[in-house]
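Chain by chain, the residues:
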Amino acid sequence: MDDLTKVRDLLSASAPTEEVVEAGRARLLAAIDDAPAPARVRRTGLRTARWTALAAGLLGVAAAATVVIASGVSPQHPRPSTTAGAPAERLSARQILLTAASAVRNTEDGDHWVQRIRRGSLEKDPTGRYTLLLTYSFERWVPRAADTPTWVIKRYLGAAPATPADEEAWRADGSPTIWKYQSKKVVKDGVTIQTPSEEIRAEPEEPQAYQWPSGGSVGNLLPTTRMTLTELEKLPRTGEALRAYLEPLVATEIKRTNDTDPDVGRYLFDIGLNLVTNTPISPEVTSAVYEMLASLPGVTAAGEVVDPLGRTGQAITRVEKGVPRKERLVIDPSSGKPLSFELVAGTTTDQQRAGDVFSFNAIEQTGWRDGEPDLPAKRTKLRAPLYY
């Protein structure tokens, strides 16, 4: 039994078509043999957020809320992912990624690439006694035609206690549906800043649509490197070639930002995440991305988990240098599709608990389709895309 077949059996997943298996088998087995073993990454102190919001997608939004909390936590609020029952044998990150690479299938054609995601983040209540889970939905319509606009439909899906323990503390606090945060001074990187006052509500907001000229663009590969569908189609189709293509771009970005302690693996990991979770790349390029991720040091397997939408998948993680948190990608190896991208707390602070998924993007639907979006009444035209 070869390595790929063994992994599929362990995952209890239906095998891809023979054509897919045969096309990728030789290349994937070579990658398994040649890829370096993952290196251990030391956890160190917290630093500020980097340039990337790559795995997040388009359209910046401010906080505000969904579903009124009545009894218990609303089912509209997904739970952060949890560890599922342990598989019969622990899989390595390379096995997970390369198996997923071999399973990627062609998707149907259409005039728009459509992605619907559920986004969540954790926030302490003003008293600091319990944690709220805030959720949003985003639906993005990216056209093939460069003269057709891109649409993003955003809706805030509300705030609710994140866990049963948080719900108990929330009830003890009088079951509020509005949380007000006062402005305060915070020291960050040696600089004192004044935070704005804000308010979080537990009521839903109406959806809002944002439109901007696409010009064929689907976002940025790096802050100064725009991507079009044509450029995506030209990306290399093996992991080794893709890494060789991206490394000079990363070097240019490091020089541009004067990054004195660059982590090239982090740049490559983030670019790979962005490509597989946020762009309409071909199955061949998706396979190449998974192969590249499998070759990066510090990428490890976290085992089987249940994602925020209740789906079971295999998770791979990477600990970022200088930051006590993990980036986690949850994959369905049977289809090769990413299920969610998550940020996991590595330490306990006054704002979060170690192991908490304090931010996630769960992919509900993605693929090409014909037609037009069902637009809400509230619409805004933009000159250029925003990032959230």
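Preceding block: the structure.
Note that the structure is a prediction, hence the values are computed from the model and not measured. Counting restarts for each chain: residues are numbered from 1 in the order of the written sequence. Under the rules for a predicted model, residues below a pLDDT of 70 receive no local features and side-chain atom pairs below 80 are neither given nor counted, while totals for whole chains, interfaces and linings still include all residues. Hydrogen atoms and water are omitted, and side-chain values are computed over all heavy atoms in the structure.

## Notes on the overall build of the chain
Here is the rule we go by: Only runs of H or I of at least four residues qualify as helices and only runs of E of at least two qualify as strands under DSSP, and these elements are numbered from the N terminus. Each residue gets one of three labels from its accessible area relative to the maximum for its type: buried under 20%, exposed over 50%, partly exposed in between, using a 1.4 Å probe on protein chains only. We get accessible surface area from the Shrake-Rupley algorithm with a probe of 1.4 Å; when it comes to residues, only the shown protein chains can shield them.
Each helix and strand counted, the chain has 8 helices and 17 strands in total. Considering the chain as a whole, with its 388 residues, one finds that 51% of them fall into the buried category. For the chain, the exposed surface amounts to about 18100 Å²; the carbon and sulfur share of it is 50%.

## Examining the environment of R116
Just so we agree on the cut-off: Between N or O atoms, a polar contact is any pair within 3.5 Å; within protein, one atom must be a potential hydrogen donor and the other a potential acceptor, and residues adjacent in sequence are included only when both atoms are from side chains.
Position of R116 among the secondary structure elements: in strand β2 (residues 112-124). Accessibility expressed as a relative area gives 29% for R116, which makes it partly exposed. A distance of 2.8 Å separates the side chain of R116 from the side chain of Q365, its partner in a polar contact.

## With respect to the pairing of strand β5 (residues 178-181)
Operational definition: Strand pairing is assigned whenever DSSP identifies at least 2 bridges connecting the two strands.
Of the two faces of β5, the one lined by W179 and Y181 is fully buried and the one lined by I178 and K180 carries no buried residue. Two strands pair when backbone bridges link them, and β5 and strand β8 (residues 198-201) are joined in this way by 4 bridges, in the antiparallel orientation. Considered in β8, the bridge of W179 is made with I200.

## Focus on the packing of helix α6 (residues 239-257) against helix α7 (residues 264-278)
Working note: a packed helix pair is described by the angle between its axes plus the distance between those axes. The condition that has to hold: Only C-alpha atoms enter the line fits that serve as axes; for helices the fit covers just the stretch in contact. Angles between N-to-C directions range over 0 to 180 degrees. For a crossing to be left-handed, the near helix must be turned anticlockwise from the far one by less than a right angle; the clockwise case is right-handed. Here, two residues are considered to be in contact whenever any of their heavy atoms come within 4.5 Å of each other. Residue polarity is assigned by list, with Asp, Glu, Lys and Arg as charged and Ala, Val, Leu, Ile, Met, Phe, Trp, Tyr, Cys and Pro as nonpolar; anything else, Gly included, falls into the polar class.
Closest axis-to-axis distance for the α6/α7 pair is 10 Å, and the angle between their directions is 115°. Two packed elements cross with a definite hand, and for α6 against α7 that hand is right-handed. Counted together, R243, L246, E247, V250, E253, I254 and T257 of α6 and V264, Y267, L268 and I271 of α7 form the full contact between these two elements. Taken together, the residues of the contact of α6 with α7 sort by class into 7 nonpolar, 1 polar and 3 charged.

## Details of helix α8 (residues 283-295)
So the rule is basically this: Under the convention used throughout, the expected extent of a helix is 1.5 Å for every residue step, that is, one less than its residue count.
With 13 residues, α8 ought to run about 18 Å at 1.5 Å a step, and its terminal C-alpha atoms sit 19 Å apart, in line with that. Every buried residue of α8 is accounted for by P283, V285, T286, S287, A288, V289, Y290, E291, M292, L293, A294 and S295.

## With respect to the pairing of strand β4 (residues 149-161)
With 11 of 13 residues buried, β4 is to be regarded as a mostly interior element. By the bridge criterion, 10 bridges tie strand β3 (residues 131-143) to β4 in an arrangement that is antiparallel. The residue bridging W141 from the neighbouring strand is W151, located in β4. A loop of 5 residues connects β3 with β4, the two strands running antiparallel in sequence. Across 6 bridges, the pairing between β4 and strand β9 (residues 208-213) is antiparallel. Bridge pairing in β9 places I153 opposite A209.

## Examining the pattern of salt bridges
Selection criterion: We define a salt bridge as a contact between a side-chain nitrogen of Lys or Arg and a carboxyl oxygen of Asp or Glu at a distance within 4 Å.
According to the stated counting rule, one finds 13 salt bridges in the structure shown. The shortest N-O distance in the salt bridge between R118 and E364 comes to 3.2 Å. One end of the pair, R118, is in strand β2; the other, E364, is in strand β16 (residues 357-369), with 246 residues separating them in the sequence. The exposure class of R118 is buried, given its relative accessible area of 16%. Judged by relative accessible area, E364 falls into the partly exposed class, the value being 29%. One salt-bridge network, held together by shared partners, links R116, R118 and E364.

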